[in-house]
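Summary of the model geometry
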Amino acid sequence: MITVFGSINMDLIATTARLPKPGETVAGTGFATAAGGKGANQALAARRAGSTVNMAGAVGKDEFAAPAIALLSEAGTGLSKVNHVDGPTGTALILVGGDGENMIAVVPGANGTVSPDDAEAAVAAMQPKDILMLQLEVPPAAVEKALDAARKKGIRSVLNLAPLIADAPHLGRLADIVIANETEFELLAGQEGMTAGDREAALKRLHGETGQTLIVTLGADGVIAIRDGELVRAKGLKIEPVDTVGAGDTFCGYFAASLDDGLDFETSLRRAAIAGSLACLKAGAQPSIPLSAEVANKL
Ligand code: RIB
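Thresholds applied
- Residues numbered from 1 in each chain as written.
- Predicted model: local features only at pLDDT ≥ 70, side-chain atom pairs only at ≥ 80, totals over all residues.
- Heavy atoms only, no water.
- Near = heavy atom within 4 Å.
- Polar contact = N/O pair within 3.5 Å; in protein donor to acceptor, adjacent residues only side chain to side chain.
- Areas by Shrake-Rupley, 256 points an atom, 1.4 Å probe, with all protein chains shown as cover.
- 1 Å grid on protein atoms, 1.4 Å probe; cavity = no way out; pocket = protein on both sides within 12 Å on 5 of 7 lines; lining within 4 Å.
- Points joined across faces, edges and corners; volume = space filled by probe spheres on them.
- Nonpolar A, V, L, I, M, F, W, Y, C, P; charged D, E, K, R; others polar.
- Helix = DSSP H or I, 4+ residues; strand = E, 2+ residues; numbered from the N terminus.
- Core = buried A, V, L, I, M, F, W, Y, C linked by side-chain atoms within 4.5 Å.
- Buried < 20%, exposed > 50% of the residue type's maximum accessible area, 1.4 Å probe, protein only.
- Contact = heavy atoms within 4.5 Å.
- Patch = residues over 30% accessible without salt bridge, like charges linked within 9 Å, V, L, I, M, F, W, Y side chains within 5 Å.
- Salt bridge = Lys/Arg side-chain N within 4 Å of Asp/Glu carboxyl O.
- Lys, Arg positive; Asp, Glu negative; His and termini not counted.
- Charge placed at Lys NZ, Arg CZ, Asp CG, Glu CD.
- Pairing = 2+ DSSP bridges.
- Axes fitted to C-alpha atoms, helices over the stretch in contact; angles between N-to-C directions.

Quick look at the site of the ligand now. Surveying the vicinity of the ligand reveals 13 residues, the closest of which are Asp11, Gly37, Lys38, Glu137 and Asp249. Measuring from an oxygen atom of the ligand, one finds a side-chain N or O atom of Asn9 at 3.0 Å. A distance of 2.7 Å separates an oxygen atom of the ligand from a polar atom in the side chain of Lys38. Across the complex, the protein chains shield 96% of the 280 Å² of accessible surface that the ligand would expose by itself.

See the structure below:
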């Protein structure tokens, strides 16, 4: 069983032929709303991958609260630890350019109320065999408390170091498994502009210091990881991306679900990378998360 402790957003998505430069206005080609938030996306991905999943977090008491958790609810995700607090649900303003790349501004809303007490309550409801999955879109103090409580209870924790925040290197040290993209990993390692060789050296150095499993997602180049002293690589699919929003979250959710299912590490990475590739083929974060059968077809 997996508990995801993290953010829930409503995504407001505009598509444009190309992303604007600072200060520039460009014409949009479409607009849509979809459920999002890194936590909720990862919870739905783990659920669609086949795991039993509980979501812990918060939505507001506004018109976005119900649609933000609708797909989680339809999928049978446990929502008893989602607080309904006064004020707005978190929102993400997303621009998707013609090449599938994006720009995102997140307004935390209810996510900003998630507290260390909520973290304790979420972990208290877990069993030692469960997996705790976290990201950095709820307050760092709550993330730290959840990681600390999980460690005390012997629960495996998987921390996705997204989005990039100043506390990431500190929090990153507290998790059993860390998932970062290239930029987030550079912050964790304290080195900018890494080459592939620098990255491998940093993975070995950090793993040697902490013993943690470290996973770096590399977009179209797949993923590199280190575990038990060994570097492991996995590739996704060769695709023409339509919309990359939520692809990283799909990777994280599928990876946690694969571990939960008892798959070996290499297969878990490959399955997660394929799921992440498939998530780039449709618009919207949650609507694009593939079902396990679609991923299994490509394994
Ligand atoms: O990772 C994608 C997510 O980031 C979006 O769904 C958006 O809500 C932001 O949190």
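For the rest of this paragraph, the subject is empty space enclosed by the protein. Picture a little ball the size of a water molecule; that probe, rolled over the atoms, points out where space is still empty. In this structure the tally under the stated criterion is one cavity of 30 Å³ or more. Residue classes in the lining of the largest cavity are distributed as three nonpolar, three polar and one charged.

A few words now on the layout of surface pockets. There is about 1300 Å³ of room inside the largest pocket. What lines the largest pocket is a set of 48 residues, among which Asn181, Gly219, Thr244, Ala247 and Gly248 lie closest to the centre. Sorting the residues of the lining of the largest pocket by element identifies strand 2 (9–16), helix 1 (38–48), strand 6 (90–96), strand 7 (102–107), strand 10 (177–181), helix 6 (182–189), helix 8 (247–260) and helix 9 (265–278) as the ones contributing at least two each. Here the lining of the largest pocket gets five residues from one element, more than from any other, and that element is helix 8.

Among the nonpolar cores identified, the biggest contains 45 residues, and Ile2, Ile8, Ile215, Phe251, Tyr254, Phe255 and Leu269 are the most heavily contacted of them. In contact with Ile215, not counting residues within four places along its chain, are Ile177, Val178, Ile179, Ala180, Val223, Ile224, Ala225, Phe251, Phe255, Phe265 and Leu269. Membership of the second largest hydrophobic core comes to 40 residues, among which are Ala56, Leu159, Val178 and Ala180.

Time to look at a negative patch on the surface. A cluster of acidic residues, Asp228, Glu230, Asp264 and Glu266, forms a negative patch on the protein surface. In this structure, Glu266 sits in helix 9.

Glancing now at unusual backbone geometry. Look at the link from Ala162 to Pro163: it is a cis peptide, with omega at -5 degrees. Note on placement: Pro163 falls in the loop between strand 9 (156–160) and helix 5 (168–172).

One open sheet accounts for nine strands, arranged 5-4-1-8-9-10-11-12-13; its pairing is mixed. Looking at strand neighbours, the two that pair on one side only are strand 5 (78–84) and strand 13 (230–234), the edges of this open sheet. Between one strand axis and the next, the sheet turns through 15 degrees on average, direction left out of account. Relative to strand 8 (residues 131–134), strand 1 (residues 2–5) runs parallel, the two sharing four bridges. Of the residues in strand 8, the one forming a bridge with Val4 is Met133. Along the sheet face, helix 6 touches strand 9, strand 10 and strand 11 (213–217) and points at about 120 degrees away from the line of strand 10.

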